[in-house]
Amino acid sequence: MATTTLDVFQAHLNRRNGFIPDMASAVSTGLAFGGMVGLVRAGWQQPGPAAATTMIDSIRSGARTIGGSAITFAAVAGAYQGGRLFAEAVRGGEKDAANSIAGSIAAGAVVGLKSGKVGRGIGAAILMSGISVAMEVNQNLIAPSRESIERRKGPMFQ
């Protein structure tokens, strides 16, 4: 019986870690990091005359800044992880830089949608792809996976 893409994707969803825990981890990490970035931004933000009228207005302004950053980072992290996992599943479980590039394109699309500028989304996708590929190459050079070591076996590595 031939294996279809849907079968491969279903098997990937049922793997040890699972799709949902991976996505939850990425989104929660993005939410926490975005909250910290928003907190720093809110601390340096100069409140406008309307926000400085009462303490409650200042707190609301800061909360909007923190929440906006947290949600944006969570959406970008979720899109990256979702794109990466989807590409890995569609490609039959292959783990390489192509999955990271797919995730970067998805994350760049979120940045473009958020800013309302296509060019910014494309630029973000290219930047994130470059960083992802550099990290993949670096990770393989510093701590190669068992699979990559097995592929390299030959007269030179024995």
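Refer to the structure above for everything that follows.
To keep things clear, this report deals only with the structure shown in the data block.

Conventions we followed
- Each chain carries its own residue numbering, running from 1 in the direction its sequence is written.
- Per-residue local features are limited, in this predicted model, to residues with pLDDT of at least 70; the limit for side-chain atom pairs, both in listing and counting, is 80 or more; totals at the level of whole chains, interfaces and linings are taken over all residues.
- Heavy atoms from the whole structure form the basis of all side-chain values; hydrogens and water molecules are not counted.
- Any pair of Phe, Tyr and Trp rings, taking the six-membered ring for Trp, is counted once the centres come within 6.5 Å. Such a pair is stacked with planes under 30 degrees apart, edge-to-face with planes over 60 apart, and tilted for the rest.
- Secondary structure is summarised from DSSP: a helix means a run of H or I of at least four residues, a strand means a run of E of at least two, and numbering begins at the N terminus for each.
- Think of it in three bands: residues with accessible area under 20% of the maximum for their type are buried, residues over 50% are exposed, and the middle band is partly exposed, with areas taken using a 1.4 Å probe on protein chains only.
- Salt bridges are identified by distance alone: a Lys or Arg side-chain nitrogen within 4 Å of an Asp or Glu carboxyl oxygen.

What to know about the packing of aromatic side chains
Point 1. The tally for this structure, following the rule as stated, stands at one aromatic pair.
Point 2. Between F33 and F73 the ring centres are 5.3 Å apart and the planes differ by 70 degrees, which places this aromatic pair in the edge-to-face class. Taken as a pair, F33 in helix α2 (residues 19–44) and F73 in helix α3 (residues 55–90) lie far apart in primary sequence, 40 residues in all.
Point 3. For F73, a relative accessible area of 32% translates into the label partly exposed.

A short note on the side chain of S129
Point 1. Note that S129 resides in helix α5 (residues 118–142).
Point 2. Taking the relative accessible area as the measure of exposure, S129 reaches 12% and is therefore buried.

Here we look at the pattern of salt bridges
Point 1. The tally for this structure, following the rule as stated, stands at three salt bridges.
Point 2. In this structure, R84 and E88 form a salt bridge, with 3.5 Å as the shortest nitrogen-oxygen distance. Of this pair, R84 and E88 both sit in helix α3, separated by four residues, roughly a single helical turn.
Point 3. Judged by its relative accessible area of 3%, E88 is buried.

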